[in-house]
Protein chains: 4
Amino acid sequence: MEELKNQSNGQKKNLVSLNEYETNWKKVVERKGIDLIDITTPPNANKEIAIQAAKNGKIVFCEKPLATSLKDAYEMLEAVEKYKVKHAIFFNYRKLLAIGLAKKLIDEGKIGEIYHMRAVYLQDWLVDPDFPLVWRLQRKIAGSGAHGDLNAHIIDMARYLVGEFDEGIVTKKTFIKKRHVLVEKDELETGLVYKEKSEKKGIVDVDDTTIFLTKFKNEALGSFEAKRFAPGRKNHQRFEINGSKGSIVFNLERVNELEYYSREDEKKGTSGFRKIIATDPDHPYAGNWWPAGHIIGYGESFVNMIADILNSIAKGDNPNPNFYDGVKCQEVIESVEKSIKEGRWVKVK
Amino acid sequence: MEELKNQSNGQKKNLVSLNEYETNWKKVVERKGIDLIDITTPPNANKEIAIQAAKNGKIVFCEKPLATSLKDAYEMLEAVEKYKVKHAIFFNYRKLLAIGLAKKLIDEGKIGEIYHMRAVYLQDWLVDPDFPLVWRLQRKIAGSGAHGDLNAHIIDMARYLVGEFDEGIVTKKTFIKKRHVLVEKDELETGLVYKEKSEKKGIVDVDDTTIFLTKFKNEALGSFEAKRFAPGRKNHQRFEINGSKGSIVFNLERVNELEYYSREDEKKGTSGFRKIIATDPDHPYAGNWWPAGHIIGYGESFVNMIADILNSIAKGDNPNPNFYDGVKCQEVIESVEKSIKEGRWVKVK
Amino acid sequence: MEELKNQSNGQKKNLVSLNEYETNWKKVVERKGIDLIDITTPPNANKEIAIQAAKNGKIVFCEKPLATSLKDAYEMLEAVEKYKVKHAIFFNYRKLLAIGLAKKLIDEGKIGEIYHMRAVYLQDWLVDPDFPLVWRLQRKIAGSGAHGDLNAHIIDMARYLVGEFDEGIVTKKTFIKKRHVLVEKDELETGLVYKEKSEKKGIVDVDDTTIFLTKFKNEALGSFEAKRFAPGRKNHQRFEINGSKGSIVFNLERVNELEYYSREDEKKGTSGFRKIIATDPDHPYAGNWWPAGHIIGYGESFVNMIADILNSIAKGDNPNPNFYDGVKCQEVIESVEKSIKEGRWVKVK
Amino acid sequence: MEELKNQSNGQKKNLVSLNEYETNWKKVVERKGIDLIDITTPPNANKEIAIQAAKNGKIVFCEKPLATSLKDAYEMLEAVEKYKVKHAIFFNYRKLLAIGLAKKLIDEGKIGEIYHMRAVYLQDWLVDPDFPLVWRLQRKIAGSGAHGDLNAHIIDMARYLVGEFDEGIVTKKTFIKKRHVLVEKDELETGLVYKEKSEKKGIVDVDDTTIFLTKFKNEALGSFEAKRFAPGRKNHQRFEINGSKGSIVFNLERVNELEYYSREDEKKGTSGFRKIIATDPDHPYAGNWWPAGHIIGYGESFVNMIADILNSIAKGDNPNPNFYDGVKCQEVIESVEKSIKEGRWVKVK
């Protein structure tokens, strides 16, 4: 098979062919003919790869969270700025159809001055006490529990839709503190290594739930809750924003719907939350997909994101969201953790 | 105890006292001092009482259905007209808050030309095959099954909101055709007679479900379904009306809510079904009850109805709905039954 | 008209007739022939009436909140205990059908160990900046804003369903700080005094919103929010309780429905939140009302409450909820206010 | 670029390369190296291509509807049987996650004996009277209107979940009978031909809505409605099935949810429609996609379908659904059309 780019661009050298692969990331970030590095490793590996990629002049994409500490996040942002490479972070929920519409309504002033955002991100996969001590439940590997995993998403959503955080106060809890340890077994026939639940129990040292109150810099209030212990809530990211002119409600389990209340309708006696199915051709992103009313799934948010990022790069702009957003999210995450330790309101940088 | 009216009106004769009662209806309809007769007997008793009450110059209220046959219904309407008495029929669902709002939106032209009404009235109390052969399942007593009982309500709703019926075609079915007969037992100690399920089974000769399609005189189409065999549907009267400018949806199990879709909203990209909680002070009837958002129950529809009827009478008008509406509903009921026999479309008078 | 009780009880003295009235409360609480005093005055009048009624041996009912301060509430509880009279407080939401079912499920262990309650009580009647400075927006009259008015309800609900509060941390906010002052006008023709909005603006010194996090004594976590600034939320008291075996959700705007998730259903692959319409004959209170599926309104919760209270008294028991519950609710209200001042977690007594 | 199969299979002849294309379908169906023909042409072209493909021994996939007449459909089924080629039809809605679960529940007997299916497929794109006379509104091109387009889907769903149709009776209507004709224009600069709305109006000779009642061979009843005139209903395929043991409800606009009511729950007082999010790993198809609660879109139903079809072929079985299902669907479509003409109940073959 010939080199891919050859077909479209002509005579470039060092192009990568479709059946080439490499398991040493250091060679990848140095490889000529590669323009863009997409980092999807566990968070603790992000920093080194990103900095090396930037040094080599590559465009850098990174999964969220940007890093496992604010300090690392700052270094990564510094690197992409120093080497003047474009960068992006995969807060893909920004690219859902209903969120695109929410952003549009807010930007057009339809919600007015924002008074409040209440957001939850609830899941239930930890409620079974026999669920074992996987890596996500160990601080040294995962960094944090529900907070870093789930709150990170709704913090980014809040920054996107409401604005920057000012200060916060928090509580967290680990409901089940000991779980069965996993031990490695070799499967002799296949040579594979897999993990098996043992009788021994180990400590869960991350949060099962983290809840915090916040004040935004624009004086709105917020409440945020991440939890992996809410039976029946499979992937329940739900938020409501109340403003001086209206309200909006979003629920990730009904991903194409946006509920919208406009105080304008009150004069006519017909006010009520509207269930907008955000798949009309003039809704954000929707025109690129199916006819109205055909549901766009979670996976398609990545496609929308890639399209946005590549369009930005094609125009010479830096994509959004990017490492800056990763840093700002991390600032909130860490301030909240400080508040847990100190039991009082803590300023976000 | 003194006579009630005495307190407010002064010197009237023949007034009825609060602790007076009478078990012979013939004496009641002749009793002086009574202005109004409210008939809540089983349907087969309605005609004679209503006609005698009218003859005696009483205002006549009647529960739905007006009669067990169209012929009887005509005679009743004739009587109240001949003796020039005011009359009303208790289609109380017209007086629910959400229905008041639906009527208002339609009258204001918000729905435009009506294209369709699809209505169901689903219950589930007959789905258990051990449920006995109560009187409602015997034609000679009940007249009809789900059709006369449940379709009557949505037929009246259709006449109120959409207009007169033109023709119809139908199917019906009795899913469980034999049920345990009830036999009377005397309870020796108390002297009470009660009924007990026996081993013997008898024939169910009314419909468990009746479904019909219709064309309205104004060219709208309709579909109507009454069923007592829909597990989980306790009192599920739900209808949707589609018109050239919008749609409305009502569900009796969420009795204060009206869903409303306006095509006007499409220009702004924010169209969607609005869930209007019809309890704002300016919604029909709502100002007489609690503050906005406090739910008004099924029972209160009777209160709204009585208020409307008494206000009409106070102004010297005949109340709405009245015997005429009872007759028109019966015309549809009987046309539908004719269509069952003939297996073809049948004109409604 | 004869005295009412005469009809049923025979020869009692000092009975009260139906057309007797009295505007001096002191005479009422001393009046022989009265067994029970129901206090529905503004909160600042409750204490004196309740204590005098108790002194005179009357049964005492009181609207919520019991008092405008915890100190007053203690004195009231002391009085009814000292004079050994029965007492009740009108937290009527406990008596809604869906709440009756929620309590039953929790008591039966269907929800398991409770991990979390998240509750909001949202309304929107203050979002209009031209809404005037009514008494509810002035601390000296109302005591507090959304907190005392709305949080009181969900605090009581939490005590009923989850248990006693342990500690809390809070934020509150007044979004619109100045509003038009009302001035009294005499209407010359009628002699009535009414209030009119003036150009002058005065200070709103109560909270428009109060949000707090809490830990319960049984280790569950809670979040509570009262707000009068949530467009579209008319009377939106909504809570979700997550436990080790399941979850429940209630919304006062759909007052007869309880959503229930049982982890039991997971084994069969059919788990999901069930929408239970709590009006079946065997649901709490429902058997006293209409057939299944006929909606019971907000108003009927008072009827259920009175029935419960009178049944308790008939059996010689003290009713529930009572002054003790009023005191416990007030303890939480005041602890939360203390936390506002101190900006840190505060223990509830 | 080398030929694709070459990479994996080695030395096969006549393979098709990725940059080969052909605009003459006759050459395609004869081309060696092609195993499978997927027909996505307008319905009137299906027959000839399918028969020629079968003659050439190709596997044949066909979009729905199989043909524009029952006669053509029979010929196509005959051809694939005669030439012993495998065949499939793209009723892709069978492959949605929630439908997979519905089928499973019915097959396991959870719904019991089926009493009723009520299905609607409502859209609103024709309600605007200025929408032009596109080909879908002309019988000679489209064959039929809402009926063939939308009812076809719910007829197939009914055959999949309930069983074969026995007889039907119907009504249909064209609400807006004349629309602006489109005329072709050449765009000089690009050479493209596009269509423009003219002042002239032409006749709409297909149905805007078709509604029919049916009896199934297993004695269940059904009601089916297709409509392009329901404001607010974008792609509202919704059906409810009631059986002796429970009910299910599906709505294509909430594509991953299945509502399920089990009479089993009634004993415990906790019966209610469960909203099952059919994305758990053990739900049909779900294990191949995202973690629980992540929404799978409409598009993914095609992927599920292809997987099922290829798995069938790999096992040597004929895929389901296939041309037989296309024929059976067409039988219902045409019987319904016969009933329109004759105004009476008509037997389905």
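Basis of the calculations
- Residues numbered from 1 in each chain as written.
- Chains lettered and ligands numbered in written order.
- Predicted model: local features only at pLDDT ≥ 70, side-chain atom pairs only at ≥ 80, totals over all residues.
- Heavy atoms only, no water.
- Helix = DSSP H or I, 4+ residues; strand = E, 2+ residues; numbered from the N terminus.
- Buried < 20%, exposed > 50% of the residue type's maximum accessible area, 1.4 Å probe, protein only.
- Contact = heavy atoms within 4.5 Å.
- Least-squares fit on C-alpha atoms with pLDDT ≥ 70 in both.
- Pairing = 2+ DSSP bridges.
- Axes fitted to C-alpha atoms, helices over the stretch in contact; angles between N-to-C directions.
- Buried area = accessible area lost by both parts, 1.4 Å probe.
- Salt bridge = Lys/Arg side-chain N within 4 Å of Asp/Glu carboxyl O.
- Polar contact = N/O pair within 3.5 Å; in protein donor to acceptor, adjacent residues only side chain to side chain.
- Nonpolar A, V, L, I, M, F, W, Y, C, P; charged D, E, K, R; others polar.
- pLDDT = per-residue confidence, 0-100.
- Patch = residues over 30% accessible without salt bridge, like charges linked within 9 Å, V, L, I, M, F, W, Y side chains within 5 Å.
- Areas by Shrake-Rupley, 256 points an atom, 1.4 Å probe, with all protein chains shown as cover.
- 1 Å grid on protein atoms, 1.4 Å probe; cavity = no way out; pocket = protein on both sides within 12 Å on 5 of 7 lines; lining within 4 Å.
- Points joined across faces, edges and corners; volume = space filled by probe spheres on them.
- Parallel < 35°, antiparallel > 145°, perpendicular 65-115°, else oblique.
- Left-handed = near helix turned anticlockwise from the far one by under 90°.

**Overview of the overall build of chain A**
Reasoning step 1: A count of helices and strands for chain A gives nine helices and 14 strands.
Reasoning step 2: With respect to the three principal axes, the spread of C-alpha positions in chain A is 65 × 60 × 40 Å.
Reasoning step 3: Scored against the burial criterion, the 349 residues of chain A give a buried share of 58%.
Reasoning step 4: Across chain A, the fraction of contacts at a sequence separation of at least 24, relative to all contacts at a separation of at least 6, is 67%.

**Things to note about the relation of the copies chain B and chain D**
Reasoning step 1: Once chain B is rotated about the relating axis by 180° and shifted along it by 0.0 Å, it coincides with chain D to within an RMSD of 0.1 Å. Taken together, the rotation angle and the small translation identify this as a two-fold axis. Every residue of chain B has its C-alpha some distance from the rotation axis, and the shortest such distance is that of B:Arg344, at 2.5 Å.
Reasoning step 2: By residue overlap, the copies meet face to face through one surface: 100% of the interface positions of chain B are interface positions in chain D.

**Structural notes on the sheet that holds strand β1 (residues 36-39) of chain D**
All names here are of chain D.
Reasoning step 1: Strand order in the open sheet made by the three strands is β1-β2-β3, with parallel pairing throughout. In this open sheet, the two strands that pair with only one neighbour each are β1 and β3 (87-89). For this sheet the average axis-to-axis angle between neighbouring strands, irrespective of direction, equals 10°.
Reasoning step 2: Sheet topology note: the strand β2 (residues 59-62)/β3 ladder contains three bridges and is parallel. Note that in β3 the partner of Phe 61 across the bridge is Ala 88.
Reasoning step 3: Against the sheet, helix α8 (residues 300-314) makes contact with β2 and β3, and its axis sits at roughly 160° relative to β2, the strand it touches most.

**Focus: the relation of the copies chain A and chain B**
Reasoning step 1: By a simple turn and slide, chain A fits onto chain B: the slide is 0.0 Å along the axis, the RMSD is 0.1 Å, and the turn is 180°.
Reasoning step 2: A shared binding surface is used by both copies, with 100% of the interface residues of chain A retained as interface residues in chain B.

**Some remarks on the interface of chain A and chain B**
Reasoning step 1: Facing 15 residues of chain A, the contacting portion of chain B comprises 15 residues.
Reasoning step 2: Both sides together, the interface formed by chain A and chain B hides about 1200 Å², and carbon and sulfur atoms give 42% of it.
Reasoning step 3: The largest share of the area that chain A buries against chain B comes from A:Gly269, A:Thr270 and A:Arg274, three residues that together contribute 40% of it.
Reasoning step 4: For the interface between chain A and chain B, the tally reads two salt bridges.
Reasoning step 5: Of the charged contacts in the structure, one is a salt bridge between A:Arg274 and B:Asp265, with a shortest N-O distance of 3.7 Å.
Reasoning step 6: Counting every contact that joins chain A to chain B gives six residue pairs in polar contact (both at pLDDT 80 or more).
Reasoning step 7: Elements supplying a minimum of two residues to the side of chain A that touches chain B: α5 (97-107) and β13 (273-277) of chain A.
Reasoning step 8: Take the side of chain A that touches chain B: its biggest share by element is four residues, from β13(A).
Reasoning step 9: Its residues assigned to classes, the side of chain A that touches chain B comprises five nonpolar, five polar and five charged.

**As for the pairing of strand β5 (residues 165-173) of chain C**
All names here are of chain C.
Reasoning step 1: With eight of its nine residues buried, β5 lies for the most part within the structure.
Reasoning step 2: Judged from the two bridges that link them, β5 and strand β14 (residues 346-347) form a sheet pairing that is antiparallel. Each residue of the ladder has a partner; that of Glu 167, found in β14, is Lys 347.

**Overview of the pairing of strand β10 (residues 236-243) of chain D**
All names here are of chain D.
Reasoning step 1: Taken across its eight residues, β10 has eight buried, putting it largely inside the fold.
Reasoning step 2: Alternating residues of β10 divide into His 236, Arg 238, Glu 240 and Asn 242 and Gln 237, Phe 239, Ile 241 and Gly 243, and every residue in both groups is buried.
Reasoning step 3: Here eight bridges tie strand β4 (residues 114-122) to β10, and the two strands are oriented antiparallel to one another. By the bridge assignment, Met 117 is partnered in β10 with Ile 241.
Reasoning step 4: As paired strands, β10 and strand β11 (residues 246-251) are joined by five bridges and run antiparallel to one another. When the bridges of β11 are listed, Glu 240 appears paired with Val 249.

**A few points about the confidence of the model for chain A**
Residue and element names in this part refer to chain A.
Reasoning step 1: Averaged over all residues, the pLDDT of chain A is 90; the fraction at 70 or higher stands at 94%.
Reasoning step 2: When the criterion is pLDDT under 50, residues 1-11 qualifies, and its contacts beyond four places in sequence or with other chains add up to 16 contacts.
Reasoning step 3: Here the predicted complex carries an ipTM of 0.89, next to a pTM of 0.91.

**Section: the sheet that holds strand β1 (residues 36-39) of chain A**
Residue and element names in this part refer to chain A.
Reasoning step 1: Taken together, three strands build an open sheet; the order of strands is β1-β2-β3 and the sheet is parallel. Of all the strands in the sheet, just β1 and β3 (87-89) have a single pairing partner and so form its edges. Taken pair by pair, the neighbouring strands of this sheet meet at an average axis angle of 10°, ignoring direction.
Reasoning step 2: Two elements, β1 and strand β2 (residues 59-62), share four bridges in a ladder whose sense is parallel. Looking at the pairing, Ile 39 lines up with Cys 62 of β2.
Reasoning step 3: Most of the contacts of helix α3 (residues 46-55) go to β1, to which it runs at about 175°, and overall it touches β1 and β2.
Reasoning step 4: Across the sheet, helix α9 (residues 323-342) touches β2 and β3, and the angle it forms with β3 is around 45°.

**Focus on a nonpolar patch on the surface**
Reasoning step 1: Together, C:Leu36, C:Ile306 and C:Leu310 make up a nonpolar patch on the protein surface, roughly 210 Å² of accessible area in all.
Reasoning step 2: Mapped onto the secondary structure, C:Leu36 falls in strand β1 (residues 36-39).

**Regarding empty space enclosed by the protein**
Reasoning step 1: Counted by the stated rule, this structure contains 17 cavities of 30 Å³ or more.
Reasoning step 2: In this structure, the largest cavity spans a volume of roughly 1600 Å³.
Reasoning step 3: For the lining of the largest cavity, the class distribution of residues is 15 nonpolar, eight polar and 27 charged.

**Details of the packing of helix α7 (residues 146-161) of chain B against helix α9 (residues 323-342) of chain B**
All names here are of chain B.
Reasoning step 1: In the contact formed by α7 and α9, the axes pass within 10 Å of each other and the chain directions differ by 120°. By the angle class used here, α7 and α9 are oblique. As for how α7 packs across α9, the hand of that crossing is right-handed. Residues His 147, Gly 148, Ala 152, Ile 155, Asp 156 and Arg 159 of α7 pack against Tyr 324, Asp 325, Lys 328, Cys 329, Val 332, Ile 333, Val 336 and Glu 337 of α9.
Reasoning step 2: Class assignment for the residues of the contact of α7 with α9 results in seven nonpolar, two polar and five charged.

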